[in-house]
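Observations on the model geometry
Each chain, written out:
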Amino acid sequence: MKQMRLFIIPLFCLLLSIGTNGQDSRAVLFDTDWRFKKDSLIQAESPTYIDAGWRKLTLPHDWSIEDLPNQKEGSVQGPFTKASIGKAATGYTAGGVGWYRKTFTLGKRFIGKQTYITFDGVYMDADVWVNGHHVGNHPYGYTAFSYNLTNFLNPSGKPNVIAVRAKNLGKNSRWYAGSGIYRHVWLTSVNEVHTELDGNYVTTPIVSSGSAKVTVQSSLANTSSRSKVVEIRVDLMSPSGQLVASQKQSVTIAANSTVSSTQNVTLTKPALWTLENPGLYSANVTLAAGHVLLDQTKTPFGIRSIQFDGQKGFVLNGKAIKLKGGCIHHDNGPLGAVSIDRAEERKVELLKKAGYNALRLSHNPVAPALLTACDRLGMLVVTDAYDMWEKEKLGVKNGYHQYFKDWWKKDIDAMMLRDRNHPSIIMWGIGNEIWEAADTSGYRIASQLASEVRRLDPTRAVTEAILYLPQQIKYKWDEFAPHLAKLDVDGYNYFVNGSNDAMQRDSATVHRYESEHAKHPQKLFMATEYYPSAALENWAVTEKYPYVIGGFSWTAMDYIGEAKIGGPALVPQATKVPQGLMSMMFFFSPNSWPVFNANCGDLDLIGNRKAASYYQNVVWRNSPIEMLVHRPLPAGMKEVKSPWGFPDEFKSWTWPGLDKPGLEKSSQNGQKMQVNVYTRSKRVRLELNGKLIAEQTVPDSSITATFEIPYQPGTLTARGFDGEKEIGSSSLSTAGKPVAIRLVADRPTINADLNDLAYVMAEIIDRNGNVVPSIDDTDITYQLTGNATLAGVGNGNPADVSSFQQNHKKVYQGRGLAILRPTGQKGAITLTATANGLTAGNVQIMLK
């Protein structure tokens with residue numbers, strides 16, 4: 001690869017059809033009427049196997065989030081067990097072997113057709129049988145895979161049986177992966193002449209405000225025994241549904257063969273896909289022979305250009321963009337790994353509202369619905385294909401490394417062919433913290449992966465997350481050079497940290513951006529991971545250098561697994577706090593029970609913003625000022641902050657007494673409270689109940705003003721000033737006694753189908769309607785009437801190992817969550833929430 005690589009890439013990008021398969025708009029959902037049993041069974045693939053006693057369910061499904069048998073407080077609670085093979089890494093959840101079976105009958109319209117089944121994701125090592133025939137094995141738990149079932153199906157009108165076995169065995173992941181068929185399944189039926197699955201690829205060599213030249217490449221198949229002459233028509237539809245351009249051509253497809261078709265279409269005055277207005281068109285690709293319609297696909301798309309340039313940075317539609325990013329894992333909190341379309345969409349909505357404009361998908365291909373949401377809502381995406389290549393990593397002995405040599409090409413192809421037309425995707429990530437990065441095998445693999453990515457999609461940049469720990473890795477930095485030469489954008493994990501951080505690197509590492517830019521002036525760089533507390537230092541580098549295009553906080557949202565890495569920890573004052581790598585290991589303990597989630601997210605497990613999120617929005621200049629209050633420390637104790645964590649502080653001025661050793665349970669009146677004000681203003685004034693009580697000048701190198709003030713109920717206000725001009729304020733008021741439950745639905749009306757969800761936040765409020773954030777132990781019972789089920793309950797407490805699936809759950813900081821899933825019928829549903837001593841809350845949601 002050349003050392004200097006310049007991208008100027010206008011793209012006309014294919015999207016998913018809403019409500020249809022990520023790969024193909026011709027597909028229909030195949031999620032209902034499955035049977036399931038978690039067991040290592042013999043001959044359960046046989047069509048004659050009796051499964052009448054198995055549980056009936058609708059996919060997607062994750063058995064690892066379900067309550068375990070033999071519940072025992074302190075060892076087996078909800079889905080969690082201390083006997084978990086993965087321990088803290090997988091959040092004390094259990095894997096095992098699970099079987100799925102479905103009996104289905106195809107009608108006459110399937111006669112003479114080619115019938116495919118597609119699995120968006122099965123974790124993991126999936127075997128599939130149809131009518132007793134083994135049609136394939138798929139080891140990787142995150143890539144989609146399809147099989148042509150045509151030769152294994154019974155004649156029309158006769159029942160067929162499909163059986164799927166998933167095996168989540170041993171230690172195979174560094175985080176919570178879930179188990180089973182946790183994403184959608186699709187059935188696609190096509191004529192003998194058709195566009196292949198994932199067969200459309202759309203780019204634009206020219207994009208401007210006045211016009212866009214569109215190149216549509218389609219891979220066409222003819223499975224018949226005769227040559228066919230086919231007309232291919234491409235119709236482009238505007239965001240309002242109007243036909244704006246059309247092109248057609250004829251091709252001859254030989255018998256039992258495929259052919260590639262390329263057409264160029266010109267649009268005038270296109271509506272560009274931007275972060276603010278992500279306009280979406282749709283493309284209809286129609287195949288016909290004479291007047292006979294053979295095949296048709298309908299796919300939304302966006303028009304945008306991207307450029308990667310060492311002098312300008314990352315440029316979208318001619319405008320330089322800095323990435324305000326966060327990393328996310330694939331789980332959906334109380335739903336586990338279950339990927340329902342609305343869950344993915346809500347995740348993106350919450351993160352966009354919290355100030356993000358980019359997501360890094362850690363560390364695997366994701367569900368199609370998440371990418372669809374990014375496309376529709378205007379969120380940039382950096383993908384991640386693998387967490388490991390050929391070498392075992394951190395004791396994950398049953399990980400993907402054992403399949404990599406045989407499967408890397410199949411899996412990278414599966415990811416890219418499905419996803420390469422999403423306008424939200426701007427970079428392809430080929431690995432995360434790869435152990436062999438600086439040896440010859442790493443050079444070889446990086447070259448193979450980068451070449452394959454560019455073969456399938458030369459329009460985007462290739463990147464990778466590099467970890468450099470001289471204390472742990474014996475390689476010198478220069479030994480990474482042949483590997484980095486394969487990349488277009490270098491991703492650095494934890495290279496720039498806070499000046500007082502225990503993991504601060506040597507000066508040469510801290511300024512790696514400068515030295516590498518001097519060697520490779522056309523390259524770009526980014527922080528693929530950084531500590532939340534180091535957001536300011538990383539953003540300062542981003543603002544200073546055009547070739548540093550931004551970064552991604554670890555993490556944007558709490559996730560199950562890697563339990564307790566975000567800390568913080570309380571230890572006696574005399575405890576010697578570990579430094580350097582030992583600081584990391586202090587929080588990377590395999591024994592964190594009952595903490596089951598990482599607790600390092602800017603948002604908690606149910607979507608509420610945490611301290612790091614407010615801090616980061618001041619860093620990004622999205623907010624002028626934010627104020628948070630540190631939880632009082634028990635007498636004789638001190639706080640140890642994790643490298644991945646943030647101080648134990650909240651948006652709260654309600655401290656009636658905490659049930660902790662060394663603290664009185666009466667009022668905190670008079671106790672000194674630490675108040676942190678985050679602002680880019682020069683001076684901060686602190687007011688309590690309208691009176692000025694403190695004032696500070698913010699140091700030039702900081703955005704933090706720290707106050708120690710005696711607690712007194714009322715209203716605490718921080719005001720930021722530049723000179724005498726007030727640039728913003730932030731206030732916190734003391735809540736009264738809890739009197740009622742308030743239920744707040746994310747939307748008043750939702751679709752009456754199984755792919756939609758209602759997220760209902762339960763809030764403990766005082767008589768004035770203020771949330772009471774000091775309430776952590778109130779158990780709420782949820783009662784639901786109407787055509788919906790309770791899909792999950794949750795809170796933000798990282799140590800609450802109670803069930804996600806029962807009809808009750810405690811709140812945390814005054815809030816809880818109930819997730820409702822329609823059953824498919826229209827009407828009204830009503831959720832009622834009750835708790836001892838509180839007025840019940842209820843909310844009605846319409847299903848349309």
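As shown above, the structure is provided for reference.
Residues numbered from 1 in each chain as written. Predicted model: local features only at pLDDT ≥ 70, side-chain atom pairs only at ≥ 80, totals over all residues. Heavy atoms only, no water.

**Description of the packing of helix α3 (residues 404-419) against helix α4 (residues 440-456)**
Between α3 and α4, whose axes approach to 10 Å, the crossing angle comes to 30°. In terms of orientation, α3 lies roughly parallel with respect to α4. Of the two possible hands of crossing, α3 and α4 adopt the one that is right-handed. Seen from α3, the contacting residues are Phe404, Trp408, Lys409, Ile412, Asp413, Met416 and Leu417; seen from α4, they are Ile445, Gln448, Leu449, Glu452, Val453, Arg455 and Leu456. Of the residues belonging to the contact of α3 with α4, the class tally is 9 nonpolar, 1 polar and 4 charged. (Axes fitted to C-alpha atoms, helices over the stretch in contact; angles between N-to-C directions. Helix = DSSP H or I, 4+ residues; strand = E, 2+ residues; numbered from the N terminus. Parallel < 35°, antiparallel > 145°, perpendicular 65-115°, else oblique. Left-handed = near helix turned anticlockwise from the far one by under 90°. Contact = heavy atoms within 4.5 Å. Nonpolar A, V, L, I, M, F, W, Y, C, P; charged D, E, K, R; others polar.)

**Some points on the pairing of strand β27 (residues 461-467)**
Of all 7 residues that make up β27, 7 are buried, and the element is covered over most of its length. Regarding topology, α4 serves as the crossover connection from strand β26 (residues 425-432) to the parallel β27, and that connection is right-handed. Alignment of β27 against strand β28 (residues 489-493), held across 5 bridges, turns out to be parallel. Residue Ile466 lies in a different strand from β28, and its bridge partner there is Tyr492. (Buried < 20%, exposed > 50% of the residue type's maximum accessible area, 1.4 Å probe, protein only. Right-handed = clockwise from strand over helix to strand, strands pointing away. Pairing = 2+ DSSP bridges.)

**Remarks on unusual backbone geometry**
Going from Leu59 to Pro60, the amide bond is cis rather than trans, its omega being 0°. When you line up the elements, Pro60 lands in the loop between β4 (55-57) and β5 (76-77). Following Trp593, the chain continues to Pro594 via a peptide bond in cis, the omega torsion being 5°. Looking at the element boundaries, Pro594 is found in the loop between α9 (580-587) and α10 (611-619). Although it is not a glycine, Lys564 sits at a positive phi angle of roughly 75°.

**What about the sheet that holds strand β39 (residues 715-722)?**
Taken in spatial order, the 4 strands line up as β37-β36-β39-β40 in an open sheet, and their pairing is antiparallel. Each end of this open sheet is capped by a strand with a single partner; those strands are β37 (691-697) and β40 (725-733). Strand-to-strand twist of the sheet, defined as the mean angle between neighbouring strand axes without regard to direction, takes the value 20°. Two elements, strand β36 (residues 683-688) and β37, share 6 bridges in a ladder whose sense is antiparallel. Looking at β37, one finds that Glu687 is bridged to Leu692.

**So, the environment of Val193**
Mapped onto the elements of the fold, Val193 is located in strand β14 (residues 193-207). Taking relative accessible area as the criterion, Val193 reaches 4% and is therefore assigned buried. With near-sequence residues (within four places) excluded, Val193 lies in contact with Ala221, Asn222, Lys228, Val230, Ile253, Leu287, Leu294 and Asp295.

**Some details on the sheet that holds strand β13 (residues 185-190)**
Pairing between the strands of a sheet comes from backbone hydrogen bonds, and it takes one of two forms, parallel or antiparallel. Taken together, 4 strands build an open sheet; the order of strands is β2-β13-β8-β11 and the sheet is antiparallel. The open sheet has two free edges, formed respectively by β2 (28-29) and β11 (145-148), since each of these has just one partner strand. The pairing of β2 with β13 spans 2 bridges and is antiparallel. Bridge pairing links Leu29 to Trp186 in β13.

In short, geometric facts, not functional conclusions.
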